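Listed below, chain by chain, are the residues.
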Amino acid sequence: KTESPPPPTLEALRDSGAVEQDADAVIMIYKKPALDLRTNFAEDKDWPMEFDIIKNRNGPTGVIPMFFVRSRQRYVTKMSYMSDQLHEKVSEFSC
């Protein structure tokens, strides 16, 4: 059984000089592991991701579920991704 790496934390920046102390905001991008260990991310269409706002002096922190859409080479929110997927399915039936 292969263990997936844990999501990154602020401690990962400890050896990067003053970045940890000087930054107003720190966002870590994390590719979520596949639920099925047989999944090959090189062949998957889109990747589930997390944007983890681990430091924010002027606002909230937390995790934002995202997807990396490989065909467009961009990150989208999970809500936007699900809406796009639904729109694609509806357009398949209307043709």
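So, a few notes on the structure that sits alongside this text. In this text the structure is predicted, and so the values were computed from the model without any measurement.

**Regarding the sheet that holds strand β3 (residues 62–69)**
Pairing within the open sheet is antiparallel, and its four strands lie in the order β1-β2-β3-β4. The open sheet has two edge strands with one neighbour each: β1 (25–31) and β4 (74–77). For this sheet, the mean angle separating the axes of adjacent strands, direction not counted, is 35°. As paired elements, β1 and strand β2 (residues 46–56) share seven bridges and run antiparallel to each other. By the bridge assignment for β2, A25 is matched with N56.

**What to know about the packing of aromatic side chains**
All told, the structure shown has four aromatic pairs when counted by the stated rule. Measuring from centroid to centroid gives 5.7 Å for W47 and F68, while their planes differ by 35°, and the two rings are tilted. Of this pair, W47 sits in strand β2 while F68 sits in strand β3, and the two are 21 residues apart along the sequence. Summarising the aromatic geometry, the rings of F68 and Y75 are spaced 5.0 Å apart at their centres and angled 55° between planes, so their arrangement reads as tilted. Assessed through its relative accessible area of 13%, F68 is described here as buried. In this structure Y75 comes out as partly exposed when scored by relative accessible area, which is 36%. Joined through ring pairs, the aromatic side chains of W47, F51, F68 and Y75 make up one cluster. Sitting over the face of the ring of W47, K31 holds its NZ or CZ atom 4.6 Å from the ring centroid.

**A look at unusual backbone geometry**
Despite not being glycine, Q73 shows a phi value in the positive range, around 55°. Mapped onto the secondary structure, Q73 falls in the loop between β3 and β4.

**Structural notes on the pattern of salt bridges**
Any two side chains of opposite charge can pair, given that their charged atoms come close. Applying the stated criterion across every chain, the model contains two salt bridges. A salt bridge links D24 to R57, with the nearest nitrogen and oxygen atoms 3.1 Å apart. Within this pair, whereas D24 is found in the loop between α1 (19–22) and β1, its partner R57 is found in the loop between β2 and β3, the two being separated by 33 residues in sequence. Here R57 falls in the partly exposed class, since its relative accessible area comes to 47%. Across the salt bridge formed by D84 and R72, the nearest N and O atoms sit 3.3 Å from each other.

Rules used throughout
- Residues numbered from 1 in each chain as written.
- Predicted model: local features only at pLDDT ≥ 70, side-chain atom pairs only at ≥ 80, totals over all residues.
- Heavy atoms only, no water.
- Pairing = 2+ DSSP bridges.
- Helix = DSSP H or I, 4+ residues; strand = E, 2+ residues; numbered from the N terminus.
- Axes fitted to C-alpha atoms, helices over the stretch in contact; angles between N-to-C directions.
- Phe/Tyr/Trp six-rings, centres within 6.5 Å; stacked < 30°, edge-to-face > 60°.
- Buried < 20%, exposed > 50% of the residue type's maximum accessible area, 1.4 Å probe, protein only.
- Lys NZ or Arg CZ within 6 Å of the ring centre and 35° of its normal.
- Salt bridge = Lys/Arg side-chain N within 4 Å of Asp/Glu carboxyl O.

Fair warning: the whole summary comes from geometry, so function is off the table for now.
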